[in-house]
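Each chain is listed here by its residues.
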Amino acid sequence: MLIRRPPDIASSEITPKELYLRRREFIGGVVAASVLGAIGVEDARAAKIDAAKSPLSTTETVTRREDATTYNNFYEFGTGKDDPGRKAHTLTTAPWSVKIDGLVNKPATYTLEDVLKSAPLEERIYRLRCVEGWSMVIPWIGFPLAAVLNRAGVQSKAKYVAFETLVRPAEMPGQSGLFQPLPWPYVEGLRLDEAMHPLTILASGMYGESLPNQNGAPLRLVVPWKYGFKSIKSIVAIRLVETQPPTTWQTSDAGEYGFFSNVNPEVDHPRWSQATERRIGEGSGLFVKRRPTLMFNGYADQVASLYAGLDLKANY
Ligand SMILES: Nc1nc2c(c(=O)[nH]1)N[C@H]1C(S)=C(S)[C@@H](COP(=O)(O)O)O[C@H]1N2
Ligand SMILES: [Mo]
């Protein structure tokens, strides 16, 4: 997003992947066996997760897992959409801990296993709309962020929640190269009422399995009514604070990315319209179908009241 490129991927970018996917469908014999072998290794690492489907799920067609795990933004592994899928396997996600501190009664460093005990895991099928103009529908497995915050005991002075991603250059090539696309750690923030909203979840899995590294293993935020960059990956710290915390994209370009970043078809990005979006997997090349972007990404009924009286153009 930082890099001055057209808002949507060019057809020249998608073509190789489309070809690759099509080629995989036709692959036969020996080659197929080796491809399956590679998939087998990945499957061995992914743990199956049983979770009841949440009624807060959309009934729209789910994006193919193949697309959701090969077309990503995770700048710690590079700025290319295929970088995370190719490079994130180097990240070790166990053991993992999450520090929860700031204005809470019980500041502590929780193990991942302990965090996951905060509430029953459920499957939530959510739309994810990237600020760049594409979207997916992803079956997350997670639980409300509110469960963790309530466990820690939020103090009355707390007004915002700040989140932080891991910094580990040895395992994150985007943090160690000559070209550093962003300042690290990647940080994000929510107003406390947004963080406590039942739609806001911490996800540890998707597609019935533990999260692939490229999607933010082992624990990431998902805030479905905001642009995708708010959904911070591979979280190591959650801090309750009194004043609005800095966020990575706002810090890197405040004129283009705001703190709220609610999906809004009526408020354009300075360099492109946000009125429509391309659903990954729907058409390709010249035949890309664009669909209208929905207010609050289609979650207006549940979240519009959070912003009553707020000028959404000024507070983008
Ligand atoms: N730490 C971190 N979190 C991140 C990003 C990132 O670069 N680093 N990219 C964001 C952006 S721009 C999007 S669109 C979503 C993409 O999530 P997905 O790859 O699981 O679809 O992750 C978000 N979370
Ligand atoms: Mo994004």
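Every chain is numbered on its own, with residues counted from 1 as its sequence reads. Chain labels run from A onward and ligand labels from 1 onward, assigned in the order the entries are written. It should be noted that, the model being predicted, local features are given only for residues of pLDDT at least 70 and side-chain atom pairs only at 80 or more, the latter also being counted only at that level, while totals for whole chains, interfaces and linings use all residues. Heavy atoms throughout the structure, all of them, feed into the side-chain values; hydrogens and water do not.

1. As for the overall build of the protein chain
Helix and strand counts for the protein chain come out as nine helices and 13 strands. The cut-offs for exposure are 20% and 50% of the maximum accessible area for each residue type, with area from a 1.4 Å probe on protein chains only; residues under the lower value are buried, those over the upper are exposed, and the others partly exposed. In the protein chain, buried positions account for 52% of the 316 residues. Contacts spanning at least 24 positions in sequence make up 73% of the contacts within the protein chain whose residues lie at least 6 apart. Summed over its atoms, the accessible surface of the protein chain is roughly 14,100 Å², and 58% of this surface lies on carbon and sulfur atoms. Numbering of helices and strands starts at the N terminus; helices are DSSP runs of H or I of at least 4 residues and strands are runs of E of at least 2. Contacts are residue-level and defined by heavy atoms, with any inter-residue pair within 4.5 Å sufficient. Each accessible area is a Shrake-Rupley estimate made with a 1.4 Å probe; only the visible protein chains count as cover when residues are assessed.

2. Overview of the nonpolar core
Within this scheme, the nonpolar core is defined by two criteria: the residues are buried Ala, Val, Leu, Ile, Met, Phe, Trp, Tyr or Cys, and they are joined through side-chain atoms within 4.5 Å. Core analysis: the biggest nonpolar cluster contains 74 residues, and Trp140, Leu145, Phe163, Leu202, Leu221, Trp225 and Ile238 have the highest contact counts within it. Leu221 has contacts with Leu145, Phe163, Leu190, Thr200, Ile201, Leu202, Lys230, Ser231, Ile232 and Ile235, leaving out every residue within four places of it along the chain.

3. Focus: the site of ligand 1
Near is defined per residue: the residue qualifies when any heavy atom it owns lies within 4 Å of the molecule or strand. For ligand 1, the set of nearby residues contains 18 residues, the closest of which are Asn72, Tyr75, Glu76, Ser231 and Lys233. With respect to ligand 1, the backbone of Tyr75 contributes an N or O atom lying 2.8 Å from an oxygen atom. Taken by itself ligand 1 offers 530 Å² of open surface, and the protein chains cover 99% of this. Taken together, the residues of the shell around ligand 1 sort by class into nine nonpolar, six polar and three charged. Counting of polar contacts relies on pairs of N or O atoms within 3.5 Å, with two restrictions inside protein: one atom must be capable of donating a hydrogen and the other of accepting it, and residues adjacent in sequence are counted only when both atoms are side-chain atoms. Note on residue classes: Ala, Val, Leu, Ile, Met, Phe, Trp, Tyr, Cys and Pro are nonpolar, Asp, Glu, Lys and Arg are charged, and everything else, Gly too, is polar.

4. Considering the side chain of Glu188
Its place among the elements puts Glu188 in strand β7 (residues 187–191). Looking at Glu188, its side chain comes within polar contact range of the side chain of Lys230, at 2.7 Å. Beyond its immediate sequence surroundings of up to four residues, Glu188 is in contact with Val161, Ala162, Phe163, Phe229, Lys230, Ile232 and Thr247.

5. Here we look at the side chain of Arg127
Take Arg127: it is sitting in strand β4 (residues 122–129). Its relative accessible area of 11% is what places Arg127 among the buried residues. A polar contact of 2.4 Å, which involves the side chain of Arg127, links it to the side chain of Glu60. Here Asn297 takes part through its backbone oxygen, which lies 2.8 Å from a polar atom of the side chain of Arg127. Setting aside residues no more than four positions away along its own chain, Arg127 makes contact with Thr58, Glu60, Met136, Val137, Pro224, Arg279, Asn297, Gly298 and Tyr299.

6. Structural notes on the environment of Leu56
Turning to its location among the elements, Leu56 is positioned in the loop between β1 (52–53) and α3 (65–68). Distance from Leu56 to Leu199, taken between C-alpha atoms, is 7.6 Å for residues 143 residues apart in sequence. Excluding residues that lie within four positions of it along the chain, Leu56 makes contacts with Arg124, Ile125, Tyr126, Pro198 and Leu199.

7. A short note on the pairing of strand β8 (residues 201–206)
The side chains of a regular strand alternate, residue by residue, between the two faces of the sheet. Among the six residues of β8, six are classified as buried, and the element is accordingly described as predominantly covered. The sheet contact formed by β8 and strand β10 (residues 220–222) spans three bridges and is antiparallel. Paired with Leu202 across the two strands is Leu221, which belongs to β10. The rule for pairing is simple: two strands pair if DSSP sees at least two bridges between them. Hairpin connection of β8 to strand β9 (residues 209–210): two residues between the antiparallel strands, including Tyr207 at a positive phi of 50 degrees.

8. Focus on the packing of aromatic side chains
Stacked, tilted and edge-to-face pairs are distinguished by plane angle, under 30 degrees for stacked and over 60 for edge-to-face with tilted covering the rest, among Phe, Tyr and Trp rings (Trp via its six-membered ring) whose centres lie within 6.5 Å. The final tally for this structure, using the stated rule, is ten aromatic pairs. Summarising the aromatic geometry, the rings of Tyr75 and Trp249 are spaced 5.7 Å apart at their centres and angled 75 degrees between planes, so their arrangement reads as edge-to-face. Here Tyr75, found in the loop between α3 and α4 (83–87), pairs with Trp249, found in helix α8 (residues 248–252); they are 174 residues apart in sequence, far enough to count as distant. There is no split in this pair, since Tyr75 and Trp249 are both buried. When the ring of Trp249 is compared with that of Tyr257, the centres are 5.2 Å apart and the planes differ by 65 degrees; the resulting orientation is edge-to-face.

9. As for the pairing of strand β6 (residues 160–165)
Of all six residues in β6, five are buried, a share of seventy percent or more. Sheet topology note: the β6/β7 ladder contains five bridges and is antiparallel. Across the sheet, residue Tyr160 finds its bridge partner in β7, namely Arg191. Summarising the sheet, β6 and strand β11 (residues 235–241) pair through six bridges and their orientation is antiparallel. Each bridged residue has a counterpart across the sheet, and for Val161 the counterpart in β11 is Leu240.

10. What about the sheet that holds strand β2 (residues 97–102)?
What the five strands build is an open sheet, ordered β3-β2-β11-β6-β7; its pairing is mixed. Sheet topology places β3 (108–111) and β7 at the edges, where each strand pairs with a single neighbour. Pairwise comparison of adjacent strand axes, ignoring direction, gives a mean angle of 20 degrees for this sheet. In this fold helix α6 (residues 145–152) packs onto β2, β3, β6, β7 and β11, with an angle of close to 60 degrees to the strand it touches most, β11. All axes here are fitted lines through C-alpha atoms, helices being fitted over the stretch that makes contact, and every angle between N-to-C directions spans 0 to 180 degrees.

11. Here we look at the confidence of the model for the protein chain
Detailed reading of the predicted model is not advised wherever pLDDT is low. The predictor reports its confidence for every residue as pLDDT, a score running from 0 up to 100. The pLDDT averaged across the protein chain works out to 89; a share of 86% of its residues lies at or above 70. Overall, residues 3–44 carries pLDDT values under 50, and its contacts beyond four positions in sequence, including any with other chains, amount to 39 contacts.

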